[in-house]
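Single-letter residue listing:
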Amino acid sequence: MPPKKNPLNLNPLQLRTLTLLQEIARLENKPAEDEEGGFQITGLPHAHGNHFHLGHAVVAAKDATGLQNDAVWTILERKGIVKRTPAAAILTATGVEYDTGLRDQILHHSDH
C-alpha cells in the first residue's frame, strides 16, 4: 500500500503555509540547536502589492495568508511541525520532511 499523500490531514491553508515555511527555512539555513533536523525561522516576508519574494521565487500574497494566521500556527504546532519561541519559530524535522506537493504551484520562478 502506498503511503498516504497528506498523513497529517492538513487543510489547504496549512499546506500552503508549511510550503512557505519550508522555503524560508531552506533560504535562511539556520539549523535549530535544540531540535535535531529542525531549522530556525527568524523572519517572515511581507507582501508588497499582491506578492512577495522568497529568494528567486515570487509568491502571491493570497498564498501566504496563513503566515499571519495564529490558528494556522497553532495547528502546525499541535501536529509537531513547528515550535514557537519568543525569538524564532522552529520548523521541526517533521515539518522539513513533509511533502506538501505545492512547492511548484506557489513558488513561481522566472524562466530566464
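Residues numbered from 1 in each chain as written. Predicted model: local features only at pLDDT ≥ 70, side-chain atom pairs only at ≥ 80, totals over all residues. Heavy atoms only, no water.

Once their charged atoms are close, side chains differing in charge can pair, the charge on each being opposite to the other. Inspection of the entire model under this criterion finds 7 salt bridges. Residues Glu35 and Lys83 are paired through a salt bridge, measuring 2.6 Å at the closest nitrogen-oxygen approach. Highlighted residues: Glu35 in the loop between α1 (12–28) and β1 (39–41) and Lys83 in strand β4 (residues 82–84), separated in sequence by 48 residues. For Glu35, a relative accessible area of 18% translates into the label buried. Asp63 is the salt-bridge partner of Lys62, the closest N and O atoms lying 3.8 Å from each other. One network of salt bridges, in which partners are shared, links Arg16, Lys62 and Asp63. (Salt bridge = Lys/Arg side-chain N within 4 Å of Asp/Glu carboxyl O. Helix = DSSP H or I, 4+ residues; strand = E, 2+ residues; numbered from the N terminus. Buried < 20%, exposed > 50% of the residue type's maximum accessible area, 1.4 Å probe, protein only.)

With that settled, consider the packing of α1 against helix α2 (residues 70–78). Interhelical geometry of α1 versus α2 gives an angle of 80° and a closest axis separation of 10 Å. In terms of their interaxial angle, α1 and α2 are classed as roughly perpendicular. In this structure, α1 uses Leu13, Gln14, Thr17 and Leu21 to contact α2, whose residues at the interface are Val72, Trp73, Ile75 and Leu76. The residue inventory of the contact of α1 with α2, partitioned by class, reads 6 nonpolar, 2 polar and no charged. (Axes fitted to C-alpha atoms, helices over the stretch in contact; angles between N-to-C directions. Parallel < 35°, antiparallel > 145°, perpendicular 65-115°, else oblique. Contact = heavy atoms within 4.5 Å. Nonpolar A, V, L, I, M, F, W, Y, C, P; charged D, E, K, R; others polar.)

Right, let's get into the sheet that holds β1. Read across the open sheet, the 3 strands follow the order β1-β5-β4; overall the sheet is antiparallel. One side of each edge strand has no neighbouring strand; the edge strands of this open sheet are β1 and β4. The average angle at which neighbouring strand axes cross in this sheet is 25°, direction not considered. Pairing of β1 with strand β5 (residues 89–91), which is carried by 3 bridges, proceeds in the antiparallel orientation. Residue Ile41 lies in a different strand from β5, and its bridge partner there is Ala89. Sitting on the sheet, α1 is in contact with β1, β4 and β5, with an inclination near 105° to β1. Packing against the sheet, α2 makes contact with β4 and β5, and its axis sits at approximately 115° to β4. (Pairing = 2+ DSSP bridges.)

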